[in-house]
Amino acid sequence: MRATWRDKNARQWISELSGRIGMTGWAALAVTPALAAEVDQHAAAVRDILLLGVEGVGTVGAVVLLAAYGRGLLEDVADSDWTPASWLGVRLMAVCQLAHVHDVKPLTDDVHALPKLA
């Protein structure tokens, strides 16, 4: 029961974050190859940090890990201190993208699994 509650809260937080990025951010990602490449690089870095740097990663759902990582990034940042084009915004877009891919799957190092979100 507790895992289900954590997963639900993590999905809700990721959904709210995706909404904060907004249609403008996701549209820019869809039409700007350089931004898409940057998000892919950030996604690979986030995935590596979580896979290699978090003990017991296999026992925690990917969405929960990603939400915790994203929340940690925003812990000391005011809402107005980041935009989708900033380093933090790109990193958060990567978190959302990974969460979308791994929603019901474990976090893996499969670099070919990243979809292009619009």
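Residues numbered from 1 in each chain as written. Predicted model: local features only at pLDDT ≥ 70, side-chain atom pairs only at ≥ 80, totals over all residues. Heavy atoms only, no water.

*Asks:* Account for the overall build of the protein, naming residues and giving values.
*Replies:* Scanning the protein from N- to C-terminus turns up four helices and zero strands. Starting at the N terminus, the α and β elements of the protein follow one another as α-α-α-α. Relative to its full complement of 118 residues, the protein shows a buried share of 39%. Within the protein, residue pairs in contact and separated by at least 24 positions form 67% of the contacts whose partners lie at least 6 positions apart. Accessible surface, the protein: about 6800 Å² in total, of which carbon and sulfur atoms supply 58%. (Helix = DSSP H or I, 4+ residues; strand = E, 2+ residues; numbered from the N terminus. Buried < 20%, exposed > 50% of the residue type's maximum accessible area, 1.4 Å probe, protein only. Contact = heavy atoms within 4.5 Å. Areas by Shrake-Rupley, 256 points an atom, 1.4 Å probe, with all protein chains shown as cover.)

*Asks:* Now, about helix α2 (residues 33-53): what can you tell me, with residues and values included?
*Replies:* With 21 residues, α2 should cover 30 Å at 1.5 Å per step; its first-to-last C-alpha distance of 29 Å lies within 8% of that length. Those residues of α2 that sit buried are Leu35, Ala36, Val39, His42, Ala43, Val46, Arg47 and Leu50. The buried residues of α2 occupy one face: seen down the axis, they fall within an arc of 140°. Projecting away from the buried face of α2 at angles above 90 degrees are the exposed residues Pro33, Ala34, Gln41, Leu52 and Gly53. (Expected span 1.5 Å × (residues − 1). Arc of directions from axis to C-beta.)

*Asks:* An account of the nonpolar core is requested, with residue identities and associated values reported.
*Replies:* If you look at the biggest cluster of nonpolar residues, it comprises 31 residues, and the most contacted ones within it are Ile14 and Leu17. Those elements that place two or more of their residues in this core are α1 (2-31), α2, α3 (62-74) and α4 (87-101). At nine residues, α4 tops the list of elements feeding residues into this core. Aside from chain neighbours lying at most four places away, what touches isoleucine 14 is Val63, Leu66, Ala67, Val95, Cys96 and Ala99. (Core = buried A, V, L, I, M, F, W, Y, C linked by side-chain atoms within 4.5 Å.)

*Asks:* With reference to specific residues and values, describe the side chain of histidine 42.
*Replies:* Examined against the element boundaries, histidine 42 turns out to sit in helix α2. Histidine 42 gets classed as buried once you look at its relative accessible area, which sits at 8%. Excluding residues that lie within four positions of it along the chain, histidine 42 makes contacts with Trp87, Val90, Arg91 and Ala94.

*Asks:* Before we move on, could you go through the packing of α2 against α3 and cite the residues and values that matter?
*Replies:* Running from N to C, α2 and α3 point in directions that differ by 110°, and their axes come no closer than 11 Å. The angle between the axes of α2 and α3 places the two elements in the roughly perpendicular class. On the side of α2, the interface is formed by Val46, Ile49 and Leu50, while α3 contributes Leu65, Leu66 and Tyr69. Here the contact of α2 with α3 is composed, by residue class, of six nonpolar, no polar and no charged. (Axes fitted to C-alpha atoms, helices over the stretch in contact; angles between N-to-C directions. Parallel < 35°, antiparallel > 145°, perpendicular 65-115°, else oblique. Nonpolar A, V, L, I, M, F, W, Y, C, P; charged D, E, K, R; others polar.)

*Asks:* Give me the lowdown on the packing of α2 against α4, citing residues and values where you can.
*Replies:* Where α2 contacts α4, the axes come no closer than 8 Å and their chain directions differ by 70°. In terms of orientation, α2 and α4 fall into the roughly perpendicular class. In this structure, α2 meets α4 at a crossing whose hand is right-handed. Between α2 and α4, the residues in contact are Leu35, Glu38, Val39, Asp40, His42, Ala43, Ala45, Val46, Arg47 and Ile49 and Trp87, Val90, Arg91, Met93, Ala94, Val95, Gln97 and Leu98, respectively. (Left-handed = near helix turned anticlockwise from the far one by under 90°.)

Bear in mind that shape data such as this cannot, by itself, settle questions of function.
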